[in-house]
Amino acid sequence: MPRIEQPRHDDKSSLSAEKRSLFVLIRSVADAGGMDFTHFDTAIDKLPRRRVGFYPTPFHAVPNLSAAYGINLFLKREDLAGPSAISGSKMRLAEFILGRAIEDGVTHVITQGAYLTNSGLQFAAACLSARITPILVLTRNVSRQGELREFRGNYLLNKTMGVETHVINVTGNEWHSPKEAARITDAIAVRKAELEAQGHKVLVVGTGGAHPDGFIAHALTFREMLEQSDAAGVELDYVYHTIGTGTALPGMLAAKLSLGHPVKFRSISIQRVNDEDRMNAGVIVERTKAVLATLGAPVPDDATIRAEIDIDQRFIGEDYAVASPESTAAIRELARAEGVFVGPVYTGKGLAGLLDHARSRRIPAGSNVAFLHTGDTGNLFEIPQVVGHIAD
Ligand SMILES: *Cc1c(COP(=O)(O)O)cnc(C)c1O
């Protein structure tokens with residue numbers, strides 16, 4: 001049989017090159033048994049949302065680092081989500097959570113985290129723009145970080161915005177200690193009761209912005225990445241990101257599963273995520289199922305979702321918010337190759353994991369890889385215990 005060349009221009013020839021490749025992408029997604037973008041968008045557009053960030057966030061190649069590692073690496077810039085220069089992945093969650101809160105007449109949002117929380121900073125900014133009063137109940141691990149003596153990093157930015165903060169000194173990691181966790185829960189309950197007694201309506205949002213209304217937000221991140229990588233002429237093989245409280249992965253996984261895309265997610269953890277820990281694969285599975293249901297997509301069995309979860313816990317270092325040598329090296333490497341900054345608490349550790357996987361060829365040479373830059377740049381201005389000695 002002779003090889004028959006197909007015409008170079010078919011019935012889509014009137015479309016621009018960009019639109020044509022997107023058309024091919026949508027068709028291949030639909031052929032793979034997934035839902036199409038229109039149904040996906042319609043399901044999300046129905047949800048209440050308070051727009052604060054600048055979306056879609058940028059997606060760009062990092063050619064110098066790519067050449068050094070023999071992969072095609074791209075950055076998806078949630079750190080530039082706005083509204084300020086120091087943003088991150090929690091802004092998307094805030095948009096959906098506050099969308100509902102505004103409909104419900106909420107006047108105050110109480111959220112919690114470590115004193116250097118990225119999530120708290122972004123929720124505070126989003127709340128202020130929506131004329132909701134943000135309150136942060138924060139922990140400081142004094143055995144690691146010492147007493148609070150000066151305003152730095154994200155905490156400085158929160159105080160600049162005039163945010164009400166309550167700092168609780170702890171001596172361990174509250175994520176693993178029910179006793180420490182109870183002190184925070186109690187403090188939130190007390191403040192909530194005071195406000196309610198004054199007639200206010202209070203919404204409590206968990207650590208990291210973990211709230212059921214927000215998990216769908218990062219389905220949009222992956223959807224944006226599909227369009228942007230397609231426009232760049234590549235099909236993504238891997239998406240790497242830093243995992244902590246499990247708010248970004250469920251949405252991205254649900255988008256991948258619902259759209260039928262072959263990408264693999266690889267999560268580098270900054271906290272233990274074994275079955276006995278508060279955040280674990282089972283939590284991700286449940287949240288992913290909830291997002292799929294909201295999208296109106298088929299919900300596969302738990303084992304199918306579990307098989308998509310790949311978490312590497314080797315880059316935690318000594319503890320949460322303690323600088324690690326690998327993270328310090330990764331921060332420097334990206335900055336020196338590309339003039340881009342990742343942070344010491346999350347994204348430096350996540351990037352360190354990605355670079356290690358590239359070196360050891362857990363990422364095959366020539367792969368198309370996106371690193372989700374979730375933010376954390378405010379923490380570059382933290383105390384040395386948190387930042388390490390980056391600028392040697
Ligand atoms: C919260 C956070 C993470 C972890 O993301 P989860 O969605 O909570 O797993 C990663 N990077 C940064 C900068 C964060 O603020």
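One numbering rule holds for all chains: residues counted from 1, following each sequence as written. Two thresholds apply to this predicted model, a pLDDT of at least 70 for residue-level local features and 80 or more for giving and counting side-chain atom pairs, whereas whole-chain, interface and lining totals are computed over all residues. For the side-chain quantities, the full set of heavy atoms in the structure was used; hydrogens and water were omitted.

**Observations concerning the domain arrangement of the protein chain**
For clarity, the threshold we go by: All the domain ranges listed were derived from an automatic or database domain assignment. When checking whether two residues touch, look at their non-hydrogen atoms; a contact exists if any pair is within 4.5 Å. Accessible area that two parts lose when put together, evaluated with a 1.4 Å probe and summed over both, is termed the buried area. In the sections that follow, a salt bridge refers to a side-chain nitrogen of Lys or Arg positioned within 4 Å of a carboxyl oxygen of Asp or Glu.
Taken domain by domain, the protein chain comprises domain 1 (12-86 + 212-387) and domain 2 (90-209). Each partner contributes to the interface: domain 1 provides 46 residues, whereas domain 2 provides 38 residues. In this assembly, domain 1 packs against domain 2 so that about 3,700 Å² is buried in total across both faces, 54% of it on carbon and sulfur atoms. Per-residue buried area on domain 1 facing domain 2 is highest for Pro48, Arg50 and Arg278; these three make up 19% of the total on that side. Viewed at the interface, domain 2 and domain 1 are joined by 6 salt bridges.

**Quick look at the packing of helix 4 (residues 90-103) against helix 9 (residues 217-231)**
Defined as follows: All axes here are fitted lines through C-alpha atoms, helices being fitted over the stretch that makes contact, and every angle between N-to-C directions spans 0 to 180 degrees. Strands are runs of DSSP state E lasting at least 2 residues, helices are runs of H or I lasting at least 4, and numbering of each runs from the N terminus. Comment on the angle field: the value is read as roughly parallel under 35 degrees, roughly antiparallel over 145, roughly perpendicular from 65 to 115, and oblique elsewhere. Take the far helix as the reference: if the near one is turned anticlockwise from it by less than a right angle, the crossing is left-handed, and if turned clockwise, right-handed. Note on residue categories: nonpolar means Ala, Val, Leu, Ile, Met, Phe, Trp, Tyr, Cys or Pro, charged means Asp, Glu, Lys or Arg, and polar means any other residue, Gly included.
At a closest axis distance of 8 Å, the pairing of helix 4 and helix 9 adopts a crossing angle of 130 degrees. Judged by the angle between their axes, helix 4 and helix 9 are oblique. The handedness of the crossing between helix 4 and helix 9 comes out as right-handed. From helix 4, Arg92, Leu93 and Phe96 reach across to helix 9, where they touch Ala217, His218, Leu220, Thr221 and Glu224. For the contact of helix 4 with helix 9, the residue count by class is 4 nonpolar, 2 polar and 2 charged.

**Observations concerning the sheet that holds strand 1 (residues 59-61)**
To keep things clear, this is the line we draw: Two strands make a pair as long as DSSP finds a minimum of two bridges between them.
As summarised here, the arrangement of the 6 strands in space is 1-2-10-7-8-9, forming an open sheet in which the pairing is mixed. Lying at the two open borders of the sheet, with one neighbouring strand each, are strand 1 and strand 9 (311-312). As judged from the 2 bridges shared by strand 8 (residues 264-269) and strand 9, these two strands associate in the parallel manner. Across the sheet, Ser267 pairs through a bridge with Ile311, a residue of strand 9. Against the sheet, helix 10 (residues 249-259) touches strand 7 (238-243), strand 8 and strand 10 (368-373), its axis set at about 170 degrees to strand 8.

**Concerning the environment of Gly105**
Basically, it comes down to this: Only protein chains enter the accessibility calculation, which uses a 1.4 Å probe; a residue whose area is less than 20% of its type maximum is buried, one above 50% is exposed, and one in between is partly exposed.
By the secondary structure assignment, Gly105 is in the loop between helix 4 and strand 3 (108-114). By relative accessible area, Gly105 is classed as partly exposed at 39%. For Gly105 and Arg149, which are 44 residues apart along the polypeptide, the C-alpha to C-alpha distance reads 37 Å.

**A closer look at the site of the ligand**
As a reminder of what qualifies: Whether a residue is near a molecule or strand is decided by its heavy atoms; if any one of them lies within 4 Å of it, the residue is near. Within 3.5 Å is the distance limit for a polar contact, defined as a pair of N or O atoms, with the added protein rule that one can donate a hydrogen and the other accept it, and that residues adjacent in sequence qualify only through two side-chain atoms. To measure how exposed things are, a 1.4 Å probe is used in the Shrake-Rupley method; for residues, cover is taken only from the protein chains shown.
Taken together, 13 residues lie around the ligand, and Lys90, Gly244, Thr245, Thr247 and Thr374 are the ones closest in. Separating an oxygen atom of the ligand from a side-chain N or O atom of Lys90 is a distance of 2.9 Å. For the ligand, an oxygen atom lies 2.6 Å from a polar atom in the side chain of Thr247. Contact with the protein chains removes 98% of the 380 Å² of surface that the ligand exposes when unbound. The residue inventory of the shell around the ligand, partitioned by class, reads 3 nonpolar, 8 polar and 2 charged.

**What about the environment of Lys76?**
You can see Lys76 is positioned in strand 2 (residues 72-77). Overall, the relative accessible area of 0% leaves Lys76 in the buried class. Once the C-alpha coordinates of Lys76 and Asp237 are considered, the two residues, 161 residues apart in sequence, prove to be 14 Å apart. If we ignore the near neighbours within four places in the chain, the residues touching Lys76 are Thr57, Pro58, Phe59, Arg92, Thr221, Glu224, Met225, Gln228, Phe371, Leu372 and His373. Engagement of the side chain of Lys76 in a polar contact is seen with the side chain of Glu224, the distance being 2.7 Å. In this structure the side chain of Lys76 is engaged in a polar contact, spanning 2.9 Å, whose partner is the side chain of Gln228.

**Things to note about the nonpolar core**
For clarity, the cut-off: In this text, buried Ala, Val, Leu, Ile, Met, Phe, Trp, Tyr and Cys residues form a nonpolar core when linked through side-chain atoms within 4.5 Å.
Phe222, Met225 and Leu295 are the most contacted members of the largest nonpolar core, which totals 61 residues. Of the residues forming this core, the biggest block, 7 residues, is contributed by helix 4. For this core, the two domains that each supply at least three residues are domain 1 (12-86 + 212-387) and domain 2 (90-209). Dropping the residues within four chain positions of it, Met225 is found in contact with Phe59, Lys76, Leu236, Val239, Met252, Ala370 and Leu372. Counting residues in hydrophobic clusters, the runner-up holds 26 residues, among them Tyr238, Phe315, Ala352 and Leu355.

**Points about the UniProt feature "modified residue: N6-(pyridoxal phosphate)lysine" (unreviewed entry) in the protein chain**
Note the cut-off: UniProt positions are given in the numbering used here, feature names are shortened, and annotations may be inferred rather than shown by experiment.
The sites that UniProt annotates as "modified residue: N6-(pyridoxal phosphate)lysine" (unreviewed entry) are Lys90. Assignment of secondary structure puts Lys90 in helix 4. If we ignore the near neighbours within four places in the chain, the residues touching Lys90 are Ser119, Gln122, Phe123, Gly208, Thr245 and Thr247.

**Considering the sheet that holds strand 6 (residues 202-205)**
Judged by pairing direction, the sheet is parallel, and its 4 strands sit side by side in the order 5-4-3-6 without closing on themselves. For this open sheet the edge positions go to strand 5 (164-170) and strand 6, each flanked by a neighbour on one side alone. Across the sheet, the mean angle separating the axes of adjacent strands is 20 degrees when strand polarity is ignored. As defined by bridge partners, strand 3 adjoins strand 4 (residues 133-141) across 7 bridges and the pair is classed as parallel.

**So, the confidence of the model for the protein chain**
To keep it simple, the criterion reads: Values of pLDDT, the confidence the predictor places in each residue, fall between 0 and 100.
Predicted confidence across the protein chain gives a mean pLDDT of 92, with 91% of residues reaching 70 or more. Across residues 1-15 the pLDDT falls below 50, and counting only partners more than four positions away or on other chains, this stretch makes 5 contacts in the model.

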